[in-house]
Amino acid sequence: MRRRFLVSDITPEGLSLIHVQNPKGLYLWSDELSAWFKNFNRYNNGSEEQFWLSVFNAKPTISDRKSTQSPIFIRRPYISVIGTIQKKILGELVKGERSSNGFIDRILFVFPPNLKKEYWNELELSTHIVPLWNSIVKKLTDIQCITDEEGELVPTQLPFNTEARTLLYHWQHKNTDLCNSEMDEVLVGVYSKLDIYVIRFSLILQLSRWACDESDKKEIDSTSVEGAISIVEYFRITAKRVQGITNSSAMLEQLPTDKLSLYNTLPVEFTTSEGITVAQKQNISADSFKRFLADKKGKLFENVKHGRYKKLI
């Protein structure tokens, strides 16, 4: 039995087999997330997507395909997925049933604003960082887990202390109000999942702080909850940005051919006069361009400052 934490480019059957041997959990690394979800229907329609929907809630999974010698049963799957995706193809995430079955609600996006390519510099990581990080990770992975007579993991519960619980409930009430007032159904789904994530992040932060000798691991305190709330609020912001882009992608596909060609020809950032010049070269009048710009502002274009615009996708 090989001890593993990270896998890549693997089928659900292969993943289940490795997970049985590593019950603490696995990370699936996908360099291109688009390749990951586009391959969901490789074997039969929708089965892999349903697998991942179930894994999010740690529901039991069973694999009994002919390719496996015997059924593989996992009572509590713990599998996280991490990868990258290009901004231009975010719209692929909501195609098919993924916009309505809660799939995209389960994804957390790291999406820095105004991200630009940086110049090379001479700054280097301090030599003590890597061994320090390795020691923290090792302390976490070396935690001994209790198992029952069948070899299944027995969860260890960490309760929230009184102050942490009060803080958590206060945040959850605010999040519930946002869910009830939000008009975008996709964002409602995302906000609902934040209730789950704030608890998971609270646990992760508490154990991480314990590994750094900053706290114990008997209960979750308010410092960990405060940190978890900050993290999920960041992901609330990025979810809004992603939803704006996916909405824009859908709108872009519905544009008339001449307007689509114009949009694709425009530079990422442009002034009104520069946009008019590009439009006129495509036989689109200045007035028509201005109407197009005004109609799609906030949908396909962002008004960076007076007279200057930026394409959203």
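Since we're looking at a predicted model, the values are computed, not measured. (Residues numbered from 1 in each chain as written. Predicted model: local features only at pLDDT ≥ 70, side-chain atom pairs only at ≥ 80, totals over all residues. Heavy atoms only, no water.)

**Points about the overall build of the protein chain**
- Regarding its fold elements, the protein chain presents 10 helices and 10 strands.
- With the principal axes as the frame, the protein chain shows a C-alpha extent of 75 × 50 × 50 Å.
- Per-residue burial for the protein chain yields a buried fraction of 36% across its 313 residues.
- The long-range fraction of contacts in the protein chain, counting pairs at least 24 apart against all pairs at least 6 apart in sequence, stands at 62%.
- Carbon and sulfur atoms form 54% of the exposed surface of the protein chain, whose accessible area is close to 19,800 Å².
- If the 41 positive side-chain charges of the protein chain are averaged to one point and the 38 negative ones to another, these points end up 5 Å apart. (Helix = DSSP H or I, 4+ residues; strand = E, 2+ residues; numbered from the N terminus. Buried < 20%, exposed > 50% of the residue type's maximum accessible area, 1.4 Å probe, protein only. Contact = heavy atoms within 4.5 Å. Areas by Shrake-Rupley, 256 points an atom, 1.4 Å probe, with all protein chains shown as cover. Lys, Arg positive; Asp, Glu negative; His and termini not counted. Charge placed at Lys NZ, Arg CZ, Asp CG, Glu CD.)

**Thoughts on the sheet that holds strand β10 (residues 308-311)**
- Read from one edge to the other, the open sheet built from three strands follows the order β8-β10-β9, with strand pairing classed as antiparallel. Pairing within the sheet leaves two strands with one partner each, and these edge strands are β8 (269-271) and β9 (301-305). For this sheet, the mean angle separating the axes of adjacent strands, direction not counted, is 35 degrees. (Pairing = 2+ DSSP bridges. Axes fitted to C-alpha atoms, helices over the stretch in contact; angles between N-to-C directions.)

**Quick look at the pattern of salt bridges**
- What the rule picks out here adds up to nine salt bridges.
- Close ionic contact of Asp148 with Arg75 constitutes a salt bridge, the shortest N to O distance being 3.8 Å. Residue Asp148 is found in the loop between β6 (146-147) and β7 (153-154), and its partner Arg75 is found in the loop between β4 (72-74) and β5 (79-84); the two are separated by 73 residues along the sequence.
- Residue classification places Asp148 among the partly exposed residues on the basis of a relative accessible area of 24%.
- Notably, a salt bridge pairs Glu269 with Arg308, separated by 3.3 Å at the nearest N-O pair. Taken together, the positions of Glu269 in strand β8 and Arg308 in strand β10 put the pair 39 residues apart, joining distant regions of the chain.
- Residue Glu269 is classed as partly exposed on the basis of its relative accessible area of 33%.
- One network of salt bridges, in which partners are shared, links Arg75, Asp148 and Glu150. (Salt bridge = Lys/Arg side-chain N within 4 Å of Asp/Glu carboxyl O.)

**So, the sheet that holds strand β2 (residues 26-32)**
- On the basis of which strands lie adjacent, the open sheet formed by three strands has the order β1-β2-β5 and parallel pairing. Every other strand in the sheet has two partners, leaving β1 (6-7) and β5 as the edge strands with one partner each.
- As paired elements, β2 and β5 share six bridges and run parallel to each other. Bridge pairing in β5 places Glu32 opposite Thr84.

**Points about the packing of helix α9 (residues 272-281) against helix α10 (residues 286-295)**
- Two numbers describe how α9 lies on α10: the axes approach to 9 Å, and their chain directions differ by 120 degrees. It follows from the interaxial angle that α9 and α10 lie oblique. Here the hand of the crossing between α9 and α10 comes out right-handed. Residues Thr272, Gly275, Ile276, Ala279 and Gln280 of α9 lie in contact with α10, whose contacting residues are Ala286, Phe289, Lys290 and Leu293. (Parallel < 35°, antiparallel > 145°, perpendicular 65-115°, else oblique. Left-handed = near helix turned anticlockwise from the far one by under 90°.)

**Let's talk about a nonpolar patch on the surface**
- A contiguous nonpolar surface patch, about 490 Å² in accessible area, is contributed by Phe5, Leu6, Tyr27, Trp29 and Ile82.
- Tracing the backbone through its elements, the reader meets Phe5 in the segment before β1.
- Classification of Phe5 by relative accessible area gives partly exposed; the value is 35%. (Patch = residues over 30% accessible without salt bridge, like charges linked within 9 Å, V, L, I, M, F, W, Y side chains within 5 Å.)

**What to know about the state of the cysteines**
- Within this structure, the stated rule accounts for zero disulfides.
- Cysteine Cys145 remains unbridged, with the sulfur of Cys212 as its closest cysteine sulfur at 19 Å. (Disulfide = S-S within 2.5 Å.)

**Describing the nonpolar core**
- Counting residues in each nonpolar core, the largest one holds 41 residues, and the members touching the most others are Trp36, Trp52, Leu93, Phe103, Leu262, Phe289 and Phe301.
- For this core, the secondary structure elements donating two or more residues are α1 (12-21), β2, α2 (33-38), α3 (47-56), α7 (222-253), α8 (257-265), α9 and α10.
- Top contributing element to this core by residue count: α3, with four residues.
- Those residues in contact with Trp52 that sit more than four places away from it in its chain are Leu15, Leu28, Trp36, Phe40, Ile79 and Val81.
- In this structure, Tyr197, Val225, Ile229 and Phe235 belong to the second largest nonpolar core, which totals 21 residues. (Core = buried A, V, L, I, M, F, W, Y, C linked by side-chain atoms within 4.5 Å.)

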